[in-house]
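# Structural characterization, general
Each chain is listed here by its residues.
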Amino acid sequence: MFKPETKNEKDISEQIAPLVDAAIQEERKKESPRQYLGASRWGEACERRLGYEFHHAPRDRDFSGRTYRIFDAGHDYEDRVVEYLRMAGFKLENENEDGKQIGFFVADGKLGGHCDGIIHDGPIKLPYPLVFECKSLNDKSFNDTKKKGVKESKPVYYAQIQTYCAYFDVPNGGLFVAINKNDGEIYYEHVPFDARTAQDVSDKALRVVKSSRPEELPRITDDAANFQCRFCDYKTICHSVVAPKAEQQQTQTAKPFWMR
């Protein structure tokens with residue numbers, strides 16, 4: 001009787017895991033880079049970082065296979081939450097007529113975004129319609145959001161909701177939903193529309209896409225050791241280049257209510 005070579009489970013895992021991660025990374029490399037600055041990033045505090053992202057500057061490190069799996073799992077959680085809300089009686093639209101995500105593009109296609117959906121009605125009293133935005137979070141991040149609210153705990157997500165409210169003309173705000181990846185708990189928060197934030201992040205995003213090089217844009221701090229720079233994917237290139245003063249960007253503004 002054939003007896004396979006004995007290997008413990010740890011050895012097997014150490015053989016398969018890097019193969020899967022490498023395959024994921026290779027597959028992602030085939031994808032065309034995004035040619036617009038997505039609204040999910042407009043709330044980023046550092047304009048220089050957004051500039052590097054938009055201009056496709058080389059990162060200090062590539063996304064790992066694990067990171068891509070986390071992204072994929074987030075999409076899976078979002079699909080589940082959509083299903084749960086519909087089961088509970090919410091009328092949630094997450095695709096347009098051609099079956100694609102609900103999106104917008106402005107500034108010659110250089111700015112755009114796709115929301116998770118629009119909630120048109122539901123079984124509880126809320127000011128419908130509402131932008132729907134869903135995130136999956138680890139236990140620590142989830143509990144911080146639940147304690148402080150999305151505006152304080154997750155300002156980038158908060159700005160994302162405000163952007164969608166402005167560009168999709170949903171003045172009632174949004175329903176932010178977070179699911180705890182550790183234990184499945186779900187947190188729901190009605191986020192009122194904040195026109196000032198929508199305008200500010202739109203202005204910032206337009207400055208970024210109008211720039212000819214990232215170094216025209218201000219970095220959040222000149223201290224490379226600052227915690228806001230320490231883990232940035234563009235720390236090396238950012239702090240090795242001096243921005244030419246003559247090329248600093250002029251203030252640009254985007255109008256979220258009519259730049260369609």
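Here we summarise the structure given alongside this text. (Residues numbered from 1 in each chain as written. Predicted model: local features only at pLDDT ≥ 70, side-chain atom pairs only at ≥ 80, totals over all residues. Heavy atoms only, no water.)

### Side note on the sheet that holds strand E3 (residues 103–106)
Selection rule: By the convention used here, strands pair only if DSSP detects at least 2 bridges between them. Think of it this way: any DSSP run of H or I at least four residues long counts as a helix, any run of E at least two long counts as a strand, and we number them from the N terminus.
The sheet built from 3 strands is open, its strands ordered E1-E4-E3 with mixed pairing. Sheet topology places strand E1 (37–38) and E3 at the edges, where each strand pairs with a single neighbour. In the sheet, E3 pairs with strand E4 (residues 111–114) via 4 bridges, with the strands oriented antiparallel. The residue bridging Gly-103 from the neighbouring strand is His-114, located in E4.

### Some remarks on the nonpolar core
Rule in force here: By nonpolar core is meant a set of buried Ala, Val, Leu, Ile, Met, Phe, Trp, Tyr and Cys residues that side-chain atoms within 4.5 Å join together. Each residue gets one of three labels from its accessible area relative to the maximum for its type: buried under 20%, exposed over 50%, partly exposed in between, using a 1.4 Å probe on protein chains only.
Judged by nonpolar contacts, the single largest core of 35 residues is most densely connected at Leu-37, Trp-42, Phe-104, Leu-111, Tyr-164 and Phe-168. Of all the elements, helix H6 (residues 155–167) adds the most residues to this core, at 7 residues. Core analysis: the second largest hydrophobic core is formed by 13 residues, Phe-90, Leu-92, Ile-119 and Tyr-128 among them.

### Details of the pattern of salt bridges
To keep it simple, the criterion reads: When a carboxyl oxygen of Asp or Glu is within 4 Å of a side-chain nitrogen of Lys or Arg, the pair counts as a salt bridge.
Applying the stated criterion across every chain, the model contains 18 salt bridges. Measuring nitrogen to oxygen at the nearest pair gives 2.7 Å for the salt bridge that ties Arg-41 to Glu-53. With Arg-41 in the loop between E1 and helix H2 (47–54) and Glu-53 in helix H2, this residue pair connects regions lying 12 residues apart in the sequence. With its nearest N and O atoms 3.4 Å apart, the salt bridge here joins Glu-53 to Arg-49. On the criterion of helical spacing, the pair formed by Glu-53 and Arg-49 is a turn pair, its members being 4 residues apart in helix H2. Residue Glu-53 is classed as buried on the basis of its relative accessible area of 18%. Within the structure, one salt-bridge network assembled from shared partners comprises Arg-41, Glu-44, Arg-49 and Glu-53.

### A look at the pairing of strand E6 (residues 130–137)
Two faces, one strand: in a regular strand the side chains alternate between the faces of the sheet. The element E6 is largely enclosed, with a buried count of 8 among its 8 residues. Here E6 shows a buried face lined by Leu-130, Phe-132, Cys-134 and Ser-136 and a second buried face lined by Val-131, Glu-133, Lys-135 and Leu-137. Here strand E5 (residues 117–121) runs beside E6; their pairing, made up of 3 bridges, is antiparallel. Counted as the bridge partner of Ile-119 is Leu-130 from E6. Of the pairings in the sheet, the one linking E6 to strand E7 (residues 174–180) comprises 7 bridges and is parallel in character. Residue Lys-135 lies in a different strand from E7, and its bridge partner there is Ala-178.

### Quick look at helix H7 (residues 195–210)
Threshold: Under the convention used throughout, the expected extent of a helix is 1.5 Å for every residue step, that is, one less than its residue count. Note on contacts: a residue pair is in contact if any heavy atoms of the two residues lie within 4.5 Å. Pairs of N or O atoms are called polar contacts if they sit within 3.5 Å, as long as, within protein, a hydrogen donor faces a hydrogen acceptor (for residues adjacent in sequence, only side-chain-to-side-chain pairs).
Here H7 contains 16 residues, and its C-alpha end-to-end distance of 22 Å stays within 8% of the 22 Å for a straight helix at 1.5 Å per residue. Summarising burial for H7: 12 of the 16 residues are buried, a large majority. Of the residues making up H7, those classed as buried are Thr-197, Ala-198, Gln-199, Val-201, Ser-202, Asp-203, Lys-204, Ala-205, Leu-206, Arg-207, Val-208 and Val-209. Lining the buried residues of H7 we find E1, H2, E4 and H6. The backbone nitrogen of Arg-196 has a side-chain oxygen 3.2 Å away, supplied by the residue at the start of H7, namely Asp-194.

### Brief notes about unusual backbone geometry
With an omega dihedral of 0 degrees, the bond running from Tyr-128 to Pro-129 counts as a cis peptide bond. With respect to the helices and strands, the residue Pro-129 is situated in the loop between E5 and E6.

### Side note on the pairing of strand E8 (residues 186–191)
Along E8, the buried face is formed by Tyr-187, Glu-189 and Val-191; none of Ile-186, Tyr-188 and His-190, which line the opposite face, is buried. Between E7 and the antiparallel strand that follows it, E8, lie 5 residues; Gly-184 among them carries a positive phi value of about 85 degrees.

### Some thoughts on a negative patch on the surface
Our working rule: A patch consists of residues exposed above 30% relative accessible area that lack any salt bridge, with like charges linked at up to 9 Å and nonpolar side chains (Val, Leu, Ile, Met, Phe, Trp, Tyr) linked at up to 5 Å. Throughout, the Shrake-Rupley method with a 1.4 Å probe supplies accessible areas, and for residues the shown protein chains are the sole cover considered. Under the convention used here, Asp and Glu are negative, Lys and Arg are positive, and both His and the chain ends fall outside the count. Where a charge lies is defined by one atom per residue type: Lys uses NZ, Arg uses CZ, Asp uses CG and Glu uses CD.
A contiguous patch of negative charge, built from Glu-93, Glu-95, Glu-97 and Asp-98, is present on the exposed surface. Structurally, Glu-97 is set in the loop between strand E2 (91–93) and E3.

### Here we look at a nonpolar patch on the surface
Together, Ile-12, Ile-16 and Val-20 make up a nonpolar patch on the protein surface, roughly 230 Å² of accessible area in all. The topology assignment puts Ile-12 in helix H1 (residues 9–29).

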